[in-house]
Amino acid sequence: MTATTQIRGRSALTRGTLPPWTRWAILVAALVLGAALSSLIGFSLVGWLLIAAVLFVIGWPVTVGLVEGRRKGVDALASALIVAAFIVALLPLLSVIWTVLGKGVPGLTGNFLSTSMNGMTGAQDNKAVREGTAVLGGAYHAILGSVLITVWATIISVPIGLLTAVYLVEYGQGKALSRAITFFVDVMTGIPSIVAGLFAAALFGLLLGPGFKAGIVGAIALSVLMIPTVVRSAEEMLRIVPNELREASYALGVRKWRTILKVVIPTAISGIASGVTLAISRVIGETAPLIVTAGFATGINSNVFAGWMQSLPAYIYTQILTPTSPTNPGPSEQRAWAAALILIVLVMLLNLVARLVARLFAPKTSGR
């Protein structure tokens, strides 16, 4: 009798509840029906997935509502819409990564990573296409140029941005100058990148003469774009430092500048480092300001203070817009896709470094 009662009680508790596998069954049914409907209008992978997603978003909440009630059905509808929105947002990113990997990996050779475009002509690309040999010419000079320009932009931007944030948080509260700086930082955050390039080109044109282009000019242009991001991220991190830490330091007789240097900044260094790394990720792919300021180069130039310097974004731009062989643009397109893959890998590595830095420098708590 006891076992029978337990079985009856369990069935009573589970009555009106869908089994766990129902969701997957509805998903499979949506995929099958989506494929059938997509075939009627001309099958395509994107169309199939979109139709299947719509069918699932409709079918799953309706099924739950009919079996488990209206409240459960509305909850399932909200969950399905959130998942669908996430997938829709993720699809472009996955599409970009898939396309760049598919077209960029074949061009990643030792020759591509270790040589420049110095001496490359259309005849060599024509020969590679005609004979089916490996494509010559690489992006070593562009990789070197991007790294050097970005490093110098970071050297310029980080001290200025960090000191500005320190002033806004620690010294300028309520002052007119602080409000003016905040306003101009907000304006700089939204300026087009080409404006930063024109500013740097005009500045060095006044100082060193018209037409002067060098890596340092590109670094100045990128620093104009980096500074607002550094200021904003550092300011937010400094503001969340508890005032109790400052007051405890002042109570011990420590001066304000030393409190900022030894207490405030070390406490916020994790977020500051992450903000700086993300600012670098933002500017390393800028194209327009570097075309205006650093120019184009086919050879290796490691001196940012003299001579034109190539960068990865400008390299991609030139390979697509003006292929080495206009009659056979395939090799240039291969170089461009390989350079785009390298650029994405660099941005990905910078973001991973930001996460690692945030974890390493995060304040230790008793729960760890």
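The rules behind these values
Residues numbered from 1 in each chain as written. Predicted model: local features only at pLDDT ≥ 70, side-chain atom pairs only at ≥ 80, totals over all residues. Heavy atoms only, no water. Helix = DSSP H or I, 4+ residues; strand = E, 2+ residues; numbered from the N terminus. Buried < 20%, exposed > 50% of the residue type's maximum accessible area, 1.4 Å probe, protein only. Contact = heavy atoms within 4.5 Å. Axes fitted to C-alpha atoms, helices over the stretch in contact; angles between N-to-C directions. Parallel < 35°, antiparallel > 145°, perpendicular 65-115°, else oblique. Left-handed = near helix turned anticlockwise from the far one by under 90°. Nonpolar A, V, L, I, M, F, W, Y, C, P; charged D, E, K, R; others polar. Salt bridge = Lys/Arg side-chain N within 4 Å of Asp/Glu carboxyl O. Phe/Tyr/Trp six-rings, centres within 6.5 Å; stacked < 30°, edge-to-face > 60°. Lys NZ or Arg CZ within 6 Å of the ring centre and 35° of its normal. pLDDT = per-residue confidence, 0-100. Patch = residues over 30% accessible without salt bridge, like charges linked within 9 Å, V, L, I, M, F, W, Y side chains within 5 Å. Areas by Shrake-Rupley, 256 points an atom, 1.4 Å probe, with all protein chains shown as cover.

Student: Which residues make up the overall build of the protein chain, and what values go with them?
Tutor: Assigned secondary structure in the protein chain consists of 15 helices and 0 strands. Expressed as a percentage of its 368 residues, the buried residues of the protein chain come to 36%. Sequence separation of at least 24 residues holds for 74% of the intrachain contacts in the protein chain that already meet a minimum separation of 6.

Student: Go over the packing of helix α2 (residues 22-40) against helix α3 (residues 45-68), please, and point to the residues and values.
Tutor: Each pair of packed helices gets described by two things: the angle between the helix axes and the distance between those axes. It is the contact of α2 with α3, at a shortest axis distance of 8 Å, that shows an interaxial angle of 140°. Our classification of the angle between α2 and α3 gives oblique. Relative to α3, the crossing made by α2 is right-handed. Contact residues: T22, R23, I26, L27, A30, L31, L33, G34, A35, L37 and S38 in α2; G47, W48, I51, A52, L55, F56, G59, W60 and T63 in α3. Across the contact of α2 with α3, the residue classes break down as 13 nonpolar, 6 polar and 1 charged.

Student: Describe the pattern of salt bridges, with residues and values.
Tutor: The final tally for this structure, using the stated rule, is 5 salt bridges. In this structure, the salt-bridge partner of R232 is E235, at a minimum N-O distance of 2.8 Å. Of the two residues, R232 and E235 are both situated in helix α10 (residues 215-239); the distance of 3 residues between them amounts to about one turn of the helix. Taking the relative accessible area as the measure of exposure, R232 reaches 25% and is therefore partly exposed.

Student: Residues and numbers for the packing of aromatic side chains, please.
Tutor: Using the criterion set out here, one finds 4 aromatic pairs in the structure. Taken together, a centroid distance of 6.4 Å and an interplanar angle of 65° make the contact between F112 and Y315 edge-to-face. Of this pair, F112 sits in helix α5 (residues 110-114) while Y315 sits in helix α14 (residues 312-321), placing them 203 residues apart in sequence. Like Y315, F112 is buried. With centroids separated by 5.4 Å and ring planes inclined at 70°, the aromatic side chains of F183 and F184 adopt a geometry described as edge-to-face. Looking at K213, its charged tip hangs above the ring of W308, at a distance of 4.9 Å from the centre. Cation over ring: K256 sits above Y171, and NZ or CZ is 4.6 Å from the ring centre.

Student: How would you summarise the confidence of the model for the protein chain if you had to cite specific residues and measurements?
Tutor: Scored by pLDDT, the protein chain comes out at a mean of 86, with 94% of its residues at no less than 70. Throughout residues 1-13 the model reports pLDDT below 50, and contacts reaching past four residues in sequence, or to other chains, amount to 0 contacts.

Student: Let's hear about the packing of helix α11 (residues 243-251) against helix α12 (residues 256-283): which residues, and what values?
Tutor: Interaxial distance between α11 and α12 falls to 10 Å at its minimum, and their mutual angle equals 145°. Both α11 and α12 take part in a crossing whose hand is right-handed. Only K256, T259, V263, V264 and T267 of α12 make contact with α11, whose side of the interface consists of L245, R246, S249 and Y250. Of the residues that constitute the contact of α11 with α12, the class distribution is 4 nonpolar, 3 polar and 2 charged.

Student: If you had to explain a nonpolar patch on the surface to someone new, which residues and values would you point to?
Tutor: On the surface, a cluster of nonpolar side chains totalling about 470 Å² of accessible area is made up of W24, L27, L31, L45 and L49. Looking at the nonpolar patch, the elements with two or more residues in it are α2 and α3. Sorting elements by how many residues they give to the nonpolar patch places α2 first, with 3 residues. Turning to its location among the elements, L27 is positioned in helix α2. Taking the relative accessible area as the measure of exposure, L27 reaches 30% and is therefore partly exposed.

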